[in-house]
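# Structure assessment
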Amino acid sequence: MASEYLFPPQPQAALAVVGEDRLFPVARIFCVGRNYVEHAKEMGNEVDREAPFYFLKPTIGMAHSGATAPYALGTRDLHHEMELVVAIGEPAFRIGAEQAQSVVYGYACGLDMTRRDLQQDGKDKRRPWDFGKAFENGAVLGPITPAASVPSLDGRSIALKVNGVPRQSALLDDLVWKVDELISHLSRYYHLMPGDLIFTGTPAGVGPVVVGDVLEGAIDGLEPVKLTIGPAE
Ligand code: MN
């Protein structure tokens, strides 16, 4: 059995944690689609009340708050989507919503950057969303705030400004599928593990960014997420 790698493995994706010296190692990045009614409407869709649906993003290429990320490759319509991100800290398999809080490690602000033209092309051709959603610097994350410091998500605002101008603004109460429901649902399809992240969907107001834009996302009580769009490379 060989014991050495042919070349150095890519570094483990990890996030800083508020009030903790150690890093949160990231396993998988799940993302929920259409989880705010007004956003589903602006995209010409309705929320599926039957069940939430998901896509995933690679952890390699995950970007951190404060980064300057080049305008994404292969798109002419790069969009921002500001989202609440849930960080899983315990294994979870087939758990009920009432047990979900016990596996939440904390929360973060995240940007689900989207190559909207490629996503739309995929939808039109009934192809997967991967090209529109899973790309380098496509997931941008702020530090995690431990759940102990976030007793409730009720009444908290979620907002995104671009160059200081408000673009997205809502309340977390507007989430169609609540955090506990999402964890319970996902745990029937995956063995959720410590390190998993769940992007919970974006409110209305998504739109394009251009080179030089500064994106600042905030959720009451959490560390913000900031991204600057650099020149295409
Ligand atoms: Mn999204």
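Our structure is the block above this text.
The numbers attached to residues start from 1 for each chain and follow its sequence in the written order. pLDDT decides what is reported in this predicted model: residues at 70 or higher carry local features, side-chain atom pairs at 80 or more are listed and counted, and totals for whole chains, interfaces and linings draw on all residues regardless. The basis for every side-chain value is the complete set of heavy atoms in the structure, and neither hydrogens nor water enter the calculation.

### Overview of the sheet that holds strand S10 (residues 114-115)
Here is the rule we go by: Whether two strands pair comes down to DSSP finding at least two bridges between them. Note on conventions: DSSP H or I runs of at least 4 residues are helices, E runs of at least 2 residues are strands, and numbering of each starts at the N terminus.
Taking strand neighbours across the sheet as the criterion, the three strands line up as S10-S7-S16 in an open arrangement whose pairing is antiparallel. Edge strands, defined here as strands with exactly one partner in the open sheet, are S10 and strand S16 (207-208). Bridge analysis of strand S7 (residues 78-80) against S16 gives two bridges, and the strand direction is antiparallel. Paired with His80 across the strands is Gly207, a residue of S16.

### Structural notes on the coordination of the manganese ion
Basically, it comes down to this: A donor here means an N, O or S atom no more than 2.8 Å from the metal, or no more than 3.2 Å when the metal is Na, K or Ca. Since water is not included, a site may seem to lack partners. Only protein chains enter the accessibility calculation, which uses a 1.4 Å probe. A residue is then buried if its area is under 20% of the maximum for its type, exposed if over 50%, and partly exposed in between.
Coordination of the manganese ion by the protein comes from Glu81 (OE), Glu83 (OE) and Asp112 (OD), over a distance range of 2.0 to 2.1 Å. Sequence spacing among the residues donating to the manganese ion works out to E-x1-E-x28-D. An identical accessibility class is assigned to Glu81 and Glu83; each is buried.

### A short note on the side chain of Thr114
Quick note on the threshold: The definition of a polar contact used here is a pair of N or O atoms within 3.5 Å, where within protein one atom must be able to donate a hydrogen and the other to accept one, and adjacent residues in sequence count solely through side-chain atom pairs. Contacts are residue-level and defined by heavy atoms, with any inter-residue pair within 4.5 Å sufficient.
Locating Thr114 in the fold gives a position in strand S10. The class for Thr114 is buried, based on a relative accessible area of 0%. Among the polar contacts listed, one links the side chain of Thr114 to the side chain of Lys133, at a separation of 2.7 Å. Contacts of Thr114, omitting those with residues within four sequence positions, involve Asp77, Leu78, His79, Glu81, Gln119, Gly132, Lys133 and Phe135.

### As for the environment of Pro91
Among the secondary structure elements, Pro91 is positioned in the loop between strand S8 (82-88) and strand S9 (104-112). Separated by 79 residues in sequence, Pro91 and Gln12 place their C-alpha atoms 19 Å apart. Among all residues touching Pro91, those that are not within four sequence positions of it are Val103, Leu192, Met193 and Pro194.

### Concerning helix H2 (residues 116-124)
Definition in use: What the arc describes is the spread of directions from the helix axis to the C-beta atoms.
Turning to H2, its buried residues number three or more, namely Arg116, Gln119 and Gly122. Here the buried residues of H2 occupy an arc of 120° about the axis, which is enough to place them on one side. Buried-residue contacts for H2 involve S7, S10 and helix H3 (130-133). After H2 finishes, the residue Arg126 shows a positive phi value of roughly 55°.

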